[in-house]
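Listed below are the residues making up each chain.
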Amino acid sequence: MNEATAASKPRVSREHALALLRDMLRVRRFEERCVQLYTQEKIRGFLHVCIGQEAVAAGILFNIADDEAVVAAYREHGHALLKGLSMESVMAEMYGKVSGCAMGRGGSMHLFDRDLRFYGGNAIVGGGIPTAVGLALAEKMQGGNRAVVCFFGDGAAAEGVFYESLNLAALWHLPVVFVCENNHYAMGTPLAVEHAQPDISRKAEAIGVPAGRVDGMSVVQVEAAARKALKAARDGKGPQLIECDTYRFRAHSMFDPQLYREQAEVEEWKKKDPIDRLAGWMTQTGMITAEDRDALEKEIAEEVEQAVEFAEAADWETEDTLFDHLSLPLPEPLAPPPAPETETMATTLREAFHLGLKEALEHDDRVFLMGEDIGRYGGCYAVTHDLFTQFGAERIIDTPLAENGFTGAGVGAALGGMRPVVEIMTVNFSLLAIDQIVNTASALLHMSGGQFNVPLVIRMATGAGRQVAAQHSHSLENWYSQIPGLRVLAPATVEDARYMLWAALQDPNPVVIFEHVMLYNHKAELKPHPQGVDIEKAAIRRPGRDISLITYGGCLHKTLEAAEQLAADGIEAEVIDLRVLRPLDTATIIDSVRRTRRAVMVDEGWKTGSLAGELMAILNEQAFWALDAPLARVCSREVPVPYPKHLEQTTLPRVESIVAAAKRTLGESP
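In this text the structure is predicted, and so the values were computed from the model without any measurement. (Residues numbered from 1 in each chain as written. Predicted model: local features only at pLDDT ≥ 70, side-chain atom pairs only at ≥ 80, totals over all residues. Heavy atoms only, no water.)

Caption draft 1: Main features of the sheet that holds strand 15 (residues 547–551). Strand order across the open sheet formed by five strands is 14-16-15-18-19, with mixed pairing between neighbours. Each edge of the open sheet is held by one strand with a lone partner, namely strand 14 (539–542) and strand 19 (632–636). Taken over all neighbouring pairs, the strand axes of this sheet differ in orientation by 25° on average, direction set aside. Alignment of strand 18 (residues 599–606) against strand 19, held across five bridges, turns out to be parallel. Bridge pairing in strand 19 links tryptophan 606 to serine 636. Helix-sheet contacts for helix 22 (residues 611–623) involve strand 15, strand 18 and strand 19, and the interaxial angle to strand 18 is about 150°. (Pairing = 2+ DSSP bridges. Helix = DSSP H or I, 4+ residues; strand = E, 2+ residues; numbered from the N terminus. Axes fitted to C-alpha atoms, helices over the stretch in contact; angles between N-to-C directions. Contact = heavy atoms within 4.5 Å.)

Caption draft 2: Main features of the layout of surface pockets. Roughly 530 Å³ of volume is contained in the largest pocket. Lining the largest pocket are 27 residues; nearest its centre among them are Ser327, Leu328, Arg487, Glu536 and Pro583. For the lining of the largest pocket, the residue count by class is 14 nonpolar, six polar and seven charged. (1 Å grid on protein atoms, 1.4 Å probe; cavity = no way out; pocket = protein on both sides within 12 Å on 5 of 7 lines; lining within 4 Å. Points joined across faces, edges and corners; volume = space filled by probe spheres on them. Nonpolar A, V, L, I, M, F, W, Y, C, P; charged D, E, K, R; others polar.)

Caption draft 3: Seen up close, the nonpolar core. Judged by nonpolar contacts, the single largest core of 82 residues is most densely connected at Phe152, Phe178, Leu241, Met370, Ile550, Met601 and Leu619. For this core, the element with the highest residue contribution is helix 5 (residues 129–141), accounting for seven residues. With sequence-adjacent residues up to four places away left out, leucine 241 is seen in contact with Phe152, Phe162, Leu166, Phe178, Ser201, Ala204, Val209, Pro210, Ala211 and Gly212. Residues Val49, Val70, Tyr185 and Tyr247 belong to the second largest nonpolar core, which totals 74 residues. (Core = buried A, V, L, I, M, F, W, Y, C linked by side-chain atoms within 4.5 Å. Buried < 20%, exposed > 50% of the residue type's maximum accessible area, 1.4 Å probe, protein only.)

Caption draft 4: Layout of the packing of helix 21 (residues 586–596) against helix 22. Across the interface, helix 21 lies against helix 22 with an axial gap of 11 Å and an inter-helix angle of 65°. It follows that helix 21 is roughly perpendicular to helix 22 by the angle criterion. As for the relative orientation of helix 21 and helix 22, their crossing is right-handed in sense. For the pair helix 21 and helix 22, the contacting residues are Thr586, Ile589, Ile590, Val593 and Arg594 in the first and Leu615, Ile618, Leu619, Gln622 and Ala623 in the second. Class assignment of the residues belonging to the contact of helix 21 with helix 22 gives a composition of seven nonpolar, two polar and one charged. (Parallel < 35°, antiparallel > 145°, perpendicular 65-115°, else oblique. Left-handed = near helix turned anticlockwise from the far one by under 90°.)

Caption draft 5: Representation of the sheet that holds strand 4 (residues 211–215) in the model. Ordered by their spatial adjacency, five strands build an open sheet running 1-2-3-5-4, and the pairing between neighbours is parallel. Here the strands that pair on one side only, and so sit at the sheet edges, are strand 1 (69–71) and strand 4. Put simply, the sheet's adjacent strands are angled 20° from each other on average, direction ignored. Where strand 4 lies against strand 5 (residues 240–245), five bridges are found, and the strand directions are parallel. When the sheet's bridge partners are listed, valine 214 is paired in strand 5 with cysteine 244.

Caption draft 6: Main features of the pattern of salt bridges. Summed over the entire model, instances satisfying the criterion amount to 39 salt bridges. Two residues, arginine 33 and glutamate 305, come together in a salt bridge whose shortest N-O distance is 2.7 Å. Residue arginine 33 is found in helix 1 (residues 14–39), and its partner glutamate 305 is found in helix 12 (residues 290–313); the two are separated by 272 residues along the sequence. In this structure, lysine 271 engages glutamate 268 in a salt bridge whose closest nitrogen and oxygen atoms are separated by 3.2 Å. Taking relative accessible area as the criterion, glutamate 268 reaches 46% and is therefore assigned partly exposed. Connected through shared salt-bridge partners, Arg29, Glu32, Arg293 and Glu297 make up one network. (Salt bridge = Lys/Arg side-chain N within 4 Å of Asp/Glu carboxyl O.)

Structure representation (structure tokens):
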């Protein structure tokens, strides 16, 4: 978009212009006061102000509907205020007080309001972009036409998730308006140094998103562009992008000495100050007098000081509430599976997983699947075979190879009221999505003070044994099982494979399900379970009195075989299948060890930093005096998993190594 021609210049009334001026002044005066409070150490952490950029927030949000969603970045005070958050709640959040819009848990970079559909700032550069895509996806899937507005800076346009997300939005024709606040520096690196193509609107157009560039220092031009883009999104014309050419007059954050730009450059941009520009034009046209401006300034100054007084007087959250809003409880009781098997049948874990997915799709219209090659191809491991034929492309969504983007879209869709089941092809690919899983999905409920939970299920294949070498043979369950806010499941029986999904979909929190690749072909008798299965408790798969063998996932059946061999030698081993890796059912583990007085952990992860090591620490802390022998563990050897079969098998826990560890613990020669 070029400078408006005389014929195309927007016409504004006095009331319209005055409202835009008030909006910009409220943001400017609020942030100026925040800068003062920061120097007084009333506000801490990072403080990123948008002084100079107010025209973007004011122009974009002027025509947004109350029930339309906004996703912002970490410089979001203006977006929050102009979406309708009270200045008092925002200021209290800046202080970290419990009366803040996120109970003081988010601070400057993480403002939230569920009722106003303000989905917050995000400290991760570009981190909110896929959330906006997911919210727009949920809106479209539910038959709505409300727009989603997503703000981000020019720095985010260098992130891979920017391209992934815009591609998804264009591919799925979603009602989202992307707004790039291009202030030319990201943090401190000039645009020309970061981008071979510095015109961000052209990047968007290359992906297939209609885009234009406007003078971001002119609130009237921004508002006109926003009105047009919002209408297009609501009218079903798909995503739109507005690049606003703007400038921040102050540092990136209060820690920034601004050594990367000349003061003369700043002063030159200040001549384009959007507030002075609009106020000057209004004065020239007789829309506003000096007295009007003074009255407006006085009104806003009083609002700011009232917000400061509110924050000063507000209480701090008490320490006894620290664990509040970590996760929401499961419904009690859990609804039983709607179509359980009524007769025993022989099946594989692959087919059991498939039955669980089919049941969920048939009985909950909110459920949809999303992932790479899950539809037309039938899934890398054939778990989703024939589901595309039965449920169509609207429910079985094939995605590009964009793990961070589509996992983040799953987060947004869950926030938007859907129940997405995201499949990440293999656990090593999940490292590309770990940003969205750890920084957003797991933390959002706690960080928003209980306002935004993420009922998302993520399935991924894990483990070694197929001779696919180091990059496709990881067992990283322990990485995820240490993250507060996640539920982590590791089904290893046909019953758990069949029924865990229905229970997981009732969990209001994000759930990660690890499916071991070597178990897909494992065949067993699936018995009727009309009540479903427990996703909070470990399971005793074999009772015993002499030693506890504690394991999960791909090592369960090896451990059961080891127990059989031990039994032949007169040793009765109790086999505990953790199956729920977070939160751990420590009661079952400790009770078992107190009875057997000895334990061996069996874990396909590497020993260093393993889940087995965590279990040993728990037992040492809580059951030490019940032990008759040191604890032991059997883990994978600490090398990348090799390709040759004999070396791969040597690397992994084996039945004979489990037997030997048990006998050593019992004081016998292996």
